[in-house]
Amino acid sequence: LLRLNEGFGSKLYNAAPILGENLLTGNNSTFSGANNWTGYSETGTTGVSTSDGVLTVTLSGEAGANIDSGAQIGNSYNNFSSGKFYFVSADVWLGTATPTDFKIWMGLDYININPTTTRTTFSGCLKPTNNGTLKIFENKTGGDSGTFFIDNVVVKEITRQRAAAYIDGNDDTVEWVG
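Notes on the structure in this doc start here. All values reported here derive from a predicted model rather than from experimental measurement. (Residues numbered from 1 in each chain as written. Predicted model: local features only at pLDDT ≥ 70, side-chain atom pairs only at ≥ 80, totals over all residues. Heavy atoms only, no water.)

**Here we look at the pairing of strand E10 (residues 109–113)**
- Summarising the sheet, strand E9 (residues 102–106) and E10 pair through five bridges and their orientation is antiparallel. Across the sheet, residue isoleucine 104 finds its bridge partner in E10, namely isoleucine 111.
- The antiparallel pairing of E9 with E10 creates a hairpin that spans two residues between the two strands, and glycine 107 there sits at a positive phi of about 55 degrees. (Pairing = 2+ DSSP bridges. Helix = DSSP H or I, 4+ residues; strand = E, 2+ residues; numbered from the N terminus.)

Okay, here's the thing in structure tokens:
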């Protein structure tokens, strides 16, 4: 991704973003064994279990229009920093649950997702405004129950290049800057 360095002559620089490594290590991404994911709801009654490389989430079924229910990565992974940009993706699909108003949430920023019974990869960029935990949940359950599934969760920090090559269009010289 080349950009014109406007205001400083006719130089181009590489402005391509860089994706870091997946910040969710071990079974916290692929669920092939023990992991740090727990149930999330405002009433504390959501259940999670792992089987065949998939995280199964059982919705709380609590009555009330304003109760979220889903899964979150445990506190030991609460290392997503305020003000940084993250690429987040996850496979999410419905089991016996029927609602479709879900969120992938991190530190007060979120992606709205609408899962169906077909396994679907949802992704987007998040910029948390506090050091928040990653959560995947049904938004405002209103007494909904049933299960949904999560797999292949990826969180990568998005950074920019620390050094760039400036290419002068007038004489084709290349200058490296840090």
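**Quick word on the side chain of lysine 103**
- Mapped onto the fold, lysine 103 is located in strand E9.
- The charged side chain of lysine 103 is buried without a salt bridge, its nearest counter-charge being aspartate 101 at 5.0 Å.
- Within the local environment of lysine 103, its side chain forms a polar contact with the side chain of asparagine 112, the two groups lying 2.7 Å apart.
- For lysine 103, the contacting residues outside a window of four places in its chain are Tyr110, Ile111, Asn112, Ile113, Lys135, Ile136, Phe137 and Asn139. (Buried < 20%, exposed > 50% of the residue type's maximum accessible area, 1.4 Å probe, protein only. Lys, Arg positive; Asp, Glu negative; His and termini not counted. Salt bridge = Lys/Arg side-chain N within 4 Å of Asp/Glu carboxyl O. Polar contact = N/O pair within 3.5 Å; in protein donor to acceptor, adjacent residues only side chain to side chain. Contact = heavy atoms within 4.5 Å.)

**Some remarks on the sheet that holds E10**
- Strand order in the open sheet formed by five strands is E4-E7-E12-E9-E10, and the pairing between neighbours is antiparallel. Across the chains shown, the open sheet's two edge strands, defined by having one partner strand only, are strand E4 (37–41) and E10. Direction aside, neighbouring strands of the sheet carry axes that sit 20 degrees apart on average.
- Relative to strand E12 (residues 134–138), E9 runs antiparallel, the two being bridged by five bridges. Its bridge partner lying in E12, methionine 106 is registered against leucine 134. (Axes fitted to C-alpha atoms, helices over the stretch in contact; angles between N-to-C directions.)

**What to know about the nonpolar core**
- In terms of nonpolar packing, the biggest core is built from 28 residues, with Trp37, Ile104, Leu134, Ile136, Phe148, Ile150 and Val153 touching the most fellow members.
- Those elements giving two or more residues to this core turn out to be strand E6 (54–58), strand E7 (69–73), strand E8 (85–94), E9, E10, strand E11 (120–126), E12 and strand E13 (147–159). (Core = buried A, V, L, I, M, F, W, Y, C linked by side-chain atoms within 4.5 Å.)

**Overview of the pattern of salt bridges**
- As enumerated under the stated definition, the model contains three salt bridges in all.
- The closest approach of N and O atoms between arginine 119 and aspartate 91, which form a salt bridge, is 3.1 Å. With arginine 119 in the loop between E10 and E11 and aspartate 91 in strand E8, the pair connects residues that are 28 residues apart, well separated along the chain.
- Look at arginine 119 and you get partly exposed, because its relative accessible area is 38%.
- A salt bridge links aspartate 151 to arginine 119; the nearest nitrogen and oxygen atoms lie 2.5 Å apart. One end of the pair, aspartate 151, is in strand E13; the other, arginine 119, is in the loop between E10 and E11, and 32 residues separate them in sequence.
- Exposure remark for aspartate 151: the relative accessible area of 7% places this residue in the buried category.

Any link to function would need more than the numbers given here.
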